[in-house]
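Secondary and tertiary structure notes
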Amino acid sequence: MSTSTQPSTPVGKTARWVDDRYTTSNALRRNLGKVFPDHWSFMLGEVALYSFVILLLSGTYLTLFFKPSMVDVIYNGTYVPLKGVKMTEAYASSLDISFDVRGGLLMRQIHHWAALFFVGAMTIHMFRVFFTGAFRKPREVNWVIGTVLVLLGIVEGFAGYSLPDDLLSGTGLRITQGIASAIPIVGTYVSFGLFGGEFPGTDFLPRLYAIHILLIPGIILALVTAHLLMVWYQKHTQWPGPGRTENNVVGYRFFPVYMAKAGGFFFIVFGVTTLISAFVTINPVWMFGPYTPDQVSAGSQPDWYMGFLDGAVRVMPNLELVFWHHTLSLNLIVPAVVLPGIMTLLLGAYPWIEQFVTGDKREHHLLDRPRNTPTRTALGVTAITFYLMLWVSGANDIIATTFESSINAITISLRILLFVVPPIAFTITKRICLSLQRRDNDKLLHGHETGRLLRLPHGEFVEIHAPLTQKEQAEILGKVDMPVLALETVDANGVAAPWALVNNLRNRLSSWFYAINVAKPSPAELEAAAGHFSHVSAVELEATHRHREFEALGGVLHQPSEDESVNH
Amino acid sequence: MKGKPAVNVSSSKRRRPMAAGVLLLLALVSTGAAYAVTTSALSAKSSSAANADNARQGKLLFTEGCSSCHGLAAQGGSNGPSLVGVGAAAVDFQVGTGRMPMAAAGVQARRKPPVYTQAEIDKLAAYVASLGPGPSVPKASQYDFSDANVAAGGEIYRLNCSQCHNYAGKGGALSDGKVAPQLMDASPKQIYEAMITGPQSMPVFSDRQIPAKNKQEIIAYINYLQSAPDPGGSALGRLGPVTETVFLFTVAIGALVAFAIWIGSKAR
């Protein structure tokens, strides 16, 4: 507002013009200077964001040439092996994009690879958020938004690869129609409503197109905005480290550091996507041929994010119940409706499930190292293992042909492994986490092994241990040891409280969650350990000369043996 | 005794290096000449007499290499089916693709390098054909696909073949370890024979179901699949989304994570 100095440069004048009207400088100064913490794993979400931008750009190009019409045409393009074949206009235009539109095939492949990147990066970003506990208060709602975004990404991807109307995509739609029809009571209505009559009809692709290019991207865009605004407003979580507390953010300013980093990373993501799209085929629609309901190819698989559903349907035993001449297709309802429903619900509600178990209502801005919350980490690995087993089930025929084995044997094995492997993964992960914690404690108390051996005057060999850096120490000490819940189950009069059952359950769950853990070293132990290293450089000098006197000074040569007599 | 070998060795060492090559050439020429004489002698005979002769020799080969499973009179047994009436085409296909004789008992014979020469296969085929009427080995004109319409073949292929052999001819799983094999190595003649004889789990596609012209179109399409370029770049084995996923989570996302780590570490 002050007019003490008038800008002289064109940029300055423009800025003044804008500022005079919209007073943007305050908001800009505050936001450009915002500090974000730095870690490579914080960039996984960025990959998803940039993939989405790539999707919007490449998708727009495709809309210029794609015709979402199920009208039959005779193909007369340049791809000879389909010349003269009857197909829908949608498929014909997909072929035209692939063979006759300049840059069309590259753009199609960029769009498809970016879609796989988008859902893949969201998933891995979600793993990061889960394993570090970034979903805890106050970020529960953002976790739910993220869950919805992943689901929308899956639906959007499915809609996208269903549009070209090739044999593979039509097969996927046929399965979808089967699943919709399997829903009790309303199934046929849902199916007829979706497809505008009998499958496949002529209505579905235009509808799907509107959903794919308008509705879902719009919702995703809105939710991504909300997601980012919340990160901005609630600030980014950070790893524990020197000077980092629950009340500050240590890192770099958005401008210029993160603007440069993020801008550069966008071009890297775009570059990698384009490079892969230029050299690696994805979804060769011309190979599949046009969709007709009487054809299906061996080795029909959905894109990766639908693979777990396909796998669930494949391993589900063929159970059907008949009530009063009405079939209840459990073989489809359980794997394709109930299972994904439960998985989604557990995923979205996890922040509250964990709060219920731990009773932890505090705000968290410092991340957990995955090893420091062994039960959560193990639960995550269990869920991922279960999901992976389902995905592998979806590839059972490819495995059978590639490894020349029986598909029946593979399917039966997978039915068993689906329930056996995840618990094993849980136990192993938890054990690994606990071991890593012990190793951390060991490093705190005894330092790094340097590999430098020292021979003492009386002939003994000892190894020099170096102290941890301040950063390493702070990272390990950032761990928060949580107490096991001990909620009241009886009231003051010794009578069972109304919430006794719930409290009892919570106490037991909390004990399961926290009881087996490795406590951090006490301050006294740390202080004693610090003494070990106060004379390390001296140690090397002294020890070579006068070992005994060095001992008297309280210095220490850490010995690989159990003998601690030198230390204290 | 002691001196002589030494002389031999030294004289053999003095042999010209060309000698082996010349010897080989001589052997080849004489074998070729002998072959030409015998074949011309064979073709001089009447074809039925040649067939009978072939069948007689084929029976010897059969007794030696096939009868332990298929029975001494090819009547079949507990380990192999009867071959009466399967026809020469079946023998030419099964032995010509190396499926027979089987390397080991199993649910299905797999393709492998053939054990018998084409001349021996012809004799075996003549013997089996003499046991009962069956489809004969197709003539080259029957499986000549040079005038066939590839696109029409694709239509018929997708309708009749792709549900087992896969849209790209990559094969597919059947029940209990049986497979529809991949078609990348199948010759036009073998594809034709497979259609008319229905080997192993495959149904027979007689000329009433798929006329000869359409069979040629199918062969033309499979031939296209075998040599088709991949305009989109590496096709990852044309196995569809499974290999695409593996590529995505190893190479592609791996590269991006590597970049993220690089950018993240530069800040220190």
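In this text, all values refer to a predicted model and were calculated from it rather than measured experimentally.

**Thoughts on empty space enclosed by the protein**
All names here are of chain A. Counting across every chain of the model gives 9 cavities of 30 Å³ or more. Of the pockets and cavities examined, the largest cavity occupies roughly 200 Å³. In this structure, the largest cavity is lined by 19 residues; those nearest its centre are R136, D360, D368, R376 and Y514. Considering every element that reaches the lining of the largest cavity, the biggest residue donor is helix 13 (residues 330-358), with 4 residues. Counting the residues that make up the lining of the largest cavity, at least three belong to each of domain 2 (41-295) and domain 3 (447-481 + 517-552). When its volume is computed, the second largest cavity comes out at roughly 80 Å³.

**Considering the interface of chain B and chain A**
On the chain A side, the residues contacting the 51 residues of chain B number 63 residues. Regarding the contact of chain B and chain A, the summed buried area is about 4,700 Å², with carbon and sulfur atoms giving 71% of it. Considering only the surface of chain B that becomes buried against chain A, R158, Y167 and L256 of chain B emerge as the three largest contributors, covering 15% of it. Where chain B packs against chain A, one counts 1 salt bridge. The closest approach of N and O atoms between R110 of chain B and E404 of chain A, which form a salt bridge, is 3.9 Å. Where chain B touches chain A, the interface holds 15 residue pairs in polar contact (both at pLDDT 80 or more). Counting only elements with at least two residues in the side of chain B that touches chain A, the list comes to helix 7 (150-160), helix 8 (162-165), strand 1 (172-173), helix 10 (212-227) and helix 11 (241-265) of chain B. If one sorts the elements of the side of chain B that touches chain A by residue count, helix 11 of chain B sits on top with 17 residues. Across the side of chain B that touches chain A, the residue classes tally to 31 nonpolar, 12 polar and 8 charged.

Conventions adopted
Residues numbered from 1 in each chain as written. Chains lettered and ligands numbered in written order. Predicted model: local features only at pLDDT ≥ 70, side-chain atom pairs only at ≥ 80, totals over all residues. Heavy atoms only, no water. 1 Å grid on protein atoms, 1.4 Å probe; cavity = no way out; pocket = protein on both sides within 12 Å on 5 of 7 lines; lining within 4 Å. Points joined across faces, edges and corners; volume = space filled by probe spheres on them. Helix = DSSP H or I, 4+ residues; strand = E, 2+ residues; numbered from the N terminus. Domains from an automatic or database assignment. Contact = heavy atoms within 4.5 Å. Buried area = accessible area lost by both parts, 1.4 Å probe. Salt bridge = Lys/Arg side-chain N within 4 Å of Asp/Glu carboxyl O. Polar contact = N/O pair within 3.5 Å; in protein donor to acceptor, adjacent residues only side chain to side chain. Nonpolar A, V, L, I, M, F, W, Y, C, P; charged D, E, K, R; others polar.

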